[in-house]
Amino acid sequence: MQDQSHDETIWIFGYGSLIWDPGFDPAERVLARATGWERSFCLRSLVHRGTPEAPGLVLALDAGQGDCAGLAFSVRAGQEAEVMAYLRKRELVTSAYLETRVALDLADGRRVEAVTYVIDRHHDQYCGGLTHDEQAAIISQAHGGRGPNRDYLFNTAAHLHELGIPDPHLDALAARVRELSR
């Protein structure tokens, strides 16, 4: 396995909307896996997919027993400051995410360290432990500055399928939200 230690490339790990809307043109886009983390609808969205009066739910990377599959994006040389400023403006809107670095195993055998955004379990917007039905009820109704909460779910689930990344929880949640949205 190759190591990134000699390489100054900045990698970004996308597990939710960054998969289908990274907001920058990466040099590389590679399937990746983060061990000890889980993709979870555990973050109340007050801006992008909800409002303070009617919060939505978005995915966060939460510490867990499993693995989270997603995409690793390498930032083009010379664009590091611009990309990081963009991501911080987008992801750190309410400080519910913590910018951190996680080890990733890339599908091509490389192991890299990537910047990603994990949930701050001590933040007021953290809502881990919601039932499947509670999540579906919120997602089917919420709407924020970047559109309906259900579109976020549907886009993420569809892109995970396109990448060959199974996520039975998101699939079941999307089916339930479609039922509620009829």
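Presented here is an overview of the structure given in this document. (Residues numbered from 1 in each chain as written. Predicted model: local features only at pLDDT ≥ 70, side-chain atom pairs only at ≥ 80, totals over all residues. Heavy atoms only, no water.)

## Quick look at the nonpolar core
(1) Moving on: Ranked by internal contacts, the top residues of the largest apolar core, which has 54 residues, are Ile 12, Phe 13, Phe 41, Leu 104 and Leu 153.
(2) Moving on: Among the elements that make up this core, the one with the highest residue count is strand β3 (residues 56–74) (10 residues).
(3) Moving on: Dropping the residues within four chain positions of it, Phe 41 is found in contact with Leu 57, Val 58, Leu 59, Cys 127, Gln 135, Ile 139, Tyr 152, Leu 153, Leu 170 and Leu 173. (Core = buried A, V, L, I, M, F, W, Y, C linked by side-chain atoms within 4.5 Å. Buried < 20%, exposed > 50% of the residue type's maximum accessible area, 1.4 Å probe, protein only. Helix = DSSP H or I, 4+ residues; strand = E, 2+ residues; numbered from the N terminus. Contact = heavy atoms within 4.5 Å.)

## Quick word on the pairing of β3
(1) Moving on: Most of β3 is tucked away, with 14 of its 19 residues classed as buried.
(2) Moving on: As defined by bridge partners, strand β1 (residues 11–14) adjoins β3 across 4 bridges and the pair is classed as antiparallel. Note on β3: the bridge partner recorded for Trp 11 is Ser 74.
(3) Moving on: The pairing of strand β2 (residues 28–45) with β3 spans 16 bridges and is antiparallel. Paired with Ser 40 across the strands is Ala 60, a residue of β3. (Pairing = 2+ DSSP bridges.)

## Considering the packing of helix α4 (residues 149–162) against helix α5 (residues 168–180)
(1) Moving on: Their axes nearest at 10 Å, the elements α4 and α5 cross at an angle of 140°. The angle between α4 and α5 falls in the class oblique. In the crossing of α4 with α5, the sense of the turn from one axis to the other is left-handed. Across the interface between the two elements, Arg 150, Leu 153, Phe 154, Thr 156, Ala 157, Leu 160 and His 161 of α4 pack against Leu 170, Asp 171, Leu 173, Ala 174, Val 177 and Arg 178 of α5.
(2) Moving on: For the contact of α4 with α5, a count of residues per class yields 8 nonpolar, 2 polar and 3 charged. (Axes fitted to C-alpha atoms, helices over the stretch in contact; angles between N-to-C directions. Parallel < 35°, antiparallel > 145°, perpendicular 65-115°, else oblique. Left-handed = near helix turned anticlockwise from the far one by under 90°. Nonpolar A, V, L, I, M, F, W, Y, C, P; charged D, E, K, R; others polar.)

## A look at unusual backbone geometry
With the exception of glycine, the majority of residues adopt a negative phi angle, and the majority of peptide bonds are in the trans configuration.
(1) Moving on: Here the phi dihedral of Ser 95 falls at roughly 65°; this positive angle occurs in a residue that is not glycine.
(2) Moving on: Structurally, Ser 95 is set in the loop between α2 (80–91) and β4 (97–106).
(3) Moving on: A relative accessible area of 47% places Ser 95 in the partly exposed class.

Such coordinate-based values are descriptive only and should not be taken to indicate function.
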